[in-house]
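One letter stands for each residue in the lines below.
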Amino acid sequence: MNYYLAIDIGASSGRHIVGWLENNEIKTDEVYRFPNGMKKQNNHLVWDIKALFEHVKRGIKAAHKKYPFIASLAIDTWGVDYVLLTNSGDLTPCLAYRDNRTEAVIDEVHKNIPFEELYQRTGIQFQPFNSIYQFYEDYKRGRLDMATDFLMIPEYLNYMLTGVKMHEYTNATTTGLVNAKTKEYDKAIIEKLGFPTQLFGRLYQPGTSVGMLKPEIAIAVGGQTEVVLCASHDTASAVEGIPMDKNSPYISSGTWSLLGLKVPDAITDDNSRKANYSNEGGVGYTRYQKNIMGMWVVNRLRDELCPKKPFSEIVEEARQSTFNDYVDVNDNVFLAPKSMREAFDKWLENEIIKPQTESDYFRCAFISLAIGYMNALDELRKNSGKDFDTLYIVGGGAKNSLLNELTEQVCKIKVKSLPIEATAIGNLKIQIGRQ
């Protein structure tokens, strides 16, 4: 029997999951899990990329110890962030998407290329953390002049394992620099912004072989295996892992809630641009989707209010709360506040009834997320010209029974919550499909 390893890394944790095909069904076994998170360094938010790689190796070692023959492995992570490489190594630090460094350059980027033109060419929604703005800030600081290459986070980890540099399509689309029609880096955008064109090479599709582990890595992890490209943007893998009866909208519910629909070609009309819908790479299709605030607000409230309380208790206590007001969780004030509770308090300061208990804050957060889903679904119906009666929810948020119930009530749609490791299953599906 062939075994495969999915390494799925999110903004707050990572996991190594071994999978195999049994009776035409993918079976899984989590063999390693580790924490992840941004750190503050010299007034910037950064990723500890070296620690991340160490965890990747430890997880591969754990997989080989339990399953001696691993046919292949693939890595997926969040999008937009990257590592710059030089002739002498990495150009540190690896800056994180929640850092505010892009604020000073966004207007300048749009002076060079109006956002309307960017959207027409790439179909990618505006987010202040999009790689295009991160690259421009690096360009202004001279960091791009020192770089010989860049690799998105999963590509960098692949490179450290194999010594091979290879750019993967689905994650590349999150940069805001890939042409929606050609599905390659858009040289016109790159040249207008003054970026070194040699950094932006060929894009490879999921299922492509990267190479075998370097001999010293194979020794360190206790076995040899092939590294392949999955849909290395975690949301792209998650969508591959959803067992849909028909093409229905989905929410990949994690730190962010990614709500979208599979479409054959990018939709880049004015309504889509104004609604800030994105057209990101999928496996043979485009993911027409929107970033909505996700469990980030809930996790931050928990960190402040009751860090040791199990989520099951938080959900049940919120179910008993009678608080029914809401905030716009997609407003920038909730992106990275010093205190999430204070951000809620300030938004609700003019309301007659204010949250009084922990459960009031959590119920407010769940209602607010459901209303965000409702607004995005209304836009999705309008912009796609399609109607639908079912919404699939996967990821960590799929386990939240209260949020699922509120979503059904508010959105007036049947919710199919699938508390499965959809991202890992999608990752594994692509590996298994190569055989």
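Above this text sits the structure in question.
Residues numbered from 1 in each chain as written. Predicted model: local features only at pLDDT ≥ 70, side-chain atom pairs only at ≥ 80, totals over all residues. Heavy atoms only, no water.

### Topic: the sheet that holds strand β16 (residues 256-263)
Next up, step 1: Read from one edge of the open sheet, 6 strands run β17-β18-β16-β15-β19-β20, paired in mixed fashion. Among the strands making up the open sheet, the edge pair consists of β17 (278-281) and β20 (414-418). Each neighbouring strand pair of the sheet contributes to a mean axis angle of 30 degrees, computed without reference to strand direction.
Next up, step 2: Sheet topology places β16 next to strand β18 (residues 286-293); 8 bridges connect them, and they run antiparallel. In the strand pairing of β18, W256 is matched with M293. (Pairing = 2+ DSSP bridges. Helix = DSSP H or I, 4+ residues; strand = E, 2+ residues; numbered from the N terminus. Axes fitted to C-alpha atoms, helices over the stretch in contact; angles between N-to-C directions.)

### Topic: helix α13 (residues 311-320)
Next up, step 1: When α13 is considered as a whole, its buried residues turn out to be I314, V315 and A318. What you see down the axis of α13 is that its buried residues fit within an arc of 95 degrees, all on one side. When the buried face of α13 is taken as reference, the exposed residues oriented beyond 90 degrees from it are S312 and Q320.
Next up, step 2: In this structure, the buried residues of α13 make contact with α12 (296-305), α15 (358-384) and α16 (401-411). (Buried < 20%, exposed > 50% of the residue type's maximum accessible area, 1.4 Å probe, protein only. Arc of directions from axis to C-beta. Contact = heavy atoms within 4.5 Å.)

### What to know about the pattern of salt bridges
Next up, step 1: Across all of its chains, the model carries 31 salt bridges by this definition.
Next up, step 2: Of the charged contacts, one joins E54 and K57 as a salt bridge, the two residues approaching to 3.1 Å between their closest N and O atoms. You can see E54 and its partner K57 sitting in helix α1 (residues 49-66), 3 residues apart, about one turn around the helix.
Next up, step 3: Residue E54 is classed as partly exposed on the basis of its relative accessible area, which comes to 33%.
Next up, step 4: Here R319 ties to E405 by a salt bridge, and the two come within 2.6 Å at their closest N and O atoms. Remark: E405 occurs in helix α16 and R319 occurs in helix α13; sequence separation between them is 86 residues.
Next up, step 5: A relative accessible area of 32% places E405 in the partly exposed class.
Next up, step 6: Sharing partners across several salt bridges, the network here consists of R101, E137, D138, R141 and R143. (Salt bridge = Lys/Arg side-chain N within 4 Å of Asp/Glu carboxyl O.)

### Observations regarding the sheet that holds strand β14 (residues 226-228)
Next up, step 1: Reading across the sheet, the 6 strands line up as β3-β2-β1-β6-β14-β13 and stay open at both edges, with mixed pairing between neighbours. Since the sheet does not close on itself, it has two edges, and those belong to β3 (25-35) and β13 (209-212), each with one partner. Looking at each pair of strands side by side, their axes are set apart by 25 degrees on average, direction ignored.
Next up, step 2: In terms of strand pairing, β13 meets β14 through 3 bridges, oriented antiparallel. In the strand pairing of β14, S209 is matched with V228.
Next up, step 3: In the packing of α1 onto the sheet, the strands contacted are β1 (3-9), β2 (13-22), β3 and β6 (70-76), and the crossing angle to β3 comes to about 135 degrees.
Next up, step 4: Its contacts with the sheet place helix α6 (residues 153-162) against β1, β6, β13 and β14, and it is angled at close to 145 degrees to β6.

### Section: the packing of aromatic side chains
Next up, step 1: Per the stated rule, a full pass over the model turns up 26 aromatic pairs.
Next up, step 2: For the ring pair W20 and Y67, a centre distance of 5.9 Å and an interplane angle of 40 degrees mean the geometry is tilted. Taken together, the residues W20 in strand β2 and Y67 in the loop between α1 and β6 connect sequence positions 47 residues apart. Across the pair, exposure class does not vary: W20 and Y67 are buried alike.
Next up, step 3: Connected via pairs of aromatic rings, a cluster forms that spans Y82, F135, Y136, Y139, F150, Y185, F195 and F200.
Next up, step 4: In this structure, R98 is placed above the aromatic ring of W296, and the distance from its NZ or CZ to the ring centre is 3.8 Å. (Phe/Tyr/Trp six-rings, centres within 6.5 Å; stacked < 30°, edge-to-face > 60°. Lys NZ or Arg CZ within 6 Å of the ring centre and 35° of its normal.)

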